[in-house]
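Inside the fold
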Amino acid sequence: MNYWLVKSEPETYGWHQFIEQGRAVWDGVRNYQARNNLKAMQLGDQVLFYHSVTNPCVVGLATVVRESYPDPTEVVTLSKDGVTPKPTQWVVVELEPVLALENPVSLAQIKAEPLLANMALVRHSRLSVMPLTVDEFELILAMGQKPVGNE
DNA sequence: GCCAACGTTGGC
DNA sequence: GCCAACGTTGGC
């Protein structure tokens, strides 16, 4: 079992849309490090869903329901001979929602927590798919399920 | 809306 | 292979 965090801009694809659809094809990732993380995801892995840009916070928990396969949104390009398609290089996974956090865990809270200081979210703010340690994962989940005002 | 950080591209 | 220019992401 592995633990991950994925980012999405709520204006583009937010948690509520994810809930309505009940399943998401996590496409459009165009960064090698993030892609390698997608490839490493396994069925049943736990994935925190993070809203970036607007009120940045972890809003929910998802799980991997299909492992990586070529990204259908990738534009197919041809090799120099003009005939052979280049192998696709980007991948997607499919996710399903598990639960919404009662209290979204803000980036400010994460930054204020010394145990979370090593997260890629803090150290490499532009990475959109990142691994978490089990401790980081469980701590954020616990923070998100505490009653309001009890930090 | 601004800006810093980072990744990618292209000229040399 | 280096580096400047540029585009994008994301925090504030």
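Conventions and cut-offs
Residues numbered from 1 in each chain as written. Chains lettered and ligands numbered in written order. Predicted model: local features only at pLDDT ≥ 70, side-chain atom pairs only at ≥ 80, totals over all residues. Heavy atoms only, no water. Buried < 20%, exposed > 50% of the residue type's maximum accessible area, 1.4 Å probe, protein only. Helix = DSSP H or I, 4+ residues; strand = E, 2+ residues; numbered from the N terminus. Arc of directions from axis to C-beta. Contact = heavy atoms within 4.5 Å. Polar contact = N/O pair within 3.5 Å; in protein donor to acceptor, adjacent residues only side chain to side chain. Core = buried A, V, L, I, M, F, W, Y, C linked by side-chain atoms within 4.5 Å. Pairing = 2+ DSSP bridges. Axes fitted to C-alpha atoms, helices over the stretch in contact; angles between N-to-C directions.

Per an unreviewed UniProt entry, the recorded name for chain A is EVE domain-containing protein, and the organism is Spirosoma terrae.

Residues of helix H3 (residues 32-40) that are buried include every one of Ala-34, Arg-35, Asn-37 and Leu-38, and no others. Taken end-on, H3 shows its buried residues confined to a sector of 160 degrees, consistent with a single buried face. In the core, the buried residues of H3 are packed alongside strand S1 (3-8), strand S4 (57-70), strand S5 (91-106) and strand S6 (129-132). A distance of 3.0 Å separates the backbone nitrogen of Gln-33 from a side-chain oxygen at the start of H3, and that oxygen is part of Asn-31.

To continue, consider the nonpolar core. Grouped together as the largest cluster of nonpolar side chains are 42 residues, with contacts concentrated most on Leu-5, Trp-26, Leu-48, Val-58 and Leu-95. Sorting elements by how many residues they give to this core places S4 first, with six residues. For Leu-5, the residues in contact, after removing those within four places along its chain, are Leu-48, Tyr-50, Val-58, Met-119, Leu-121, Ser-128, Val-129, Met-130 and Leu-132.

Another point: the sheet that holds strand S2 (residues 24-25). Judged by pairing direction, the sheet is mixed, and its six strands sit side by side in the order S2-S5-S4-S3-S1-S6 without closing on themselves. In this open sheet, the two edge strands, each paired with only one partner strand, are S2 and S6. Here ten bridges tie S4 to S5, and the two strands are oriented antiparallel to one another. Residue pairing across strands places Cys-57 opposite Ser-106, the latter belonging to S5. Of the strands in this sheet, S1, S4, S5 and S6 are in contact with H3, which crosses S6 at around 55 degrees. Sitting on the sheet, helix H6 (residues 134-145) is in contact with S1, strand S3 (46-51), S4, S5 and S6, with an inclination near 45 degrees to S5.

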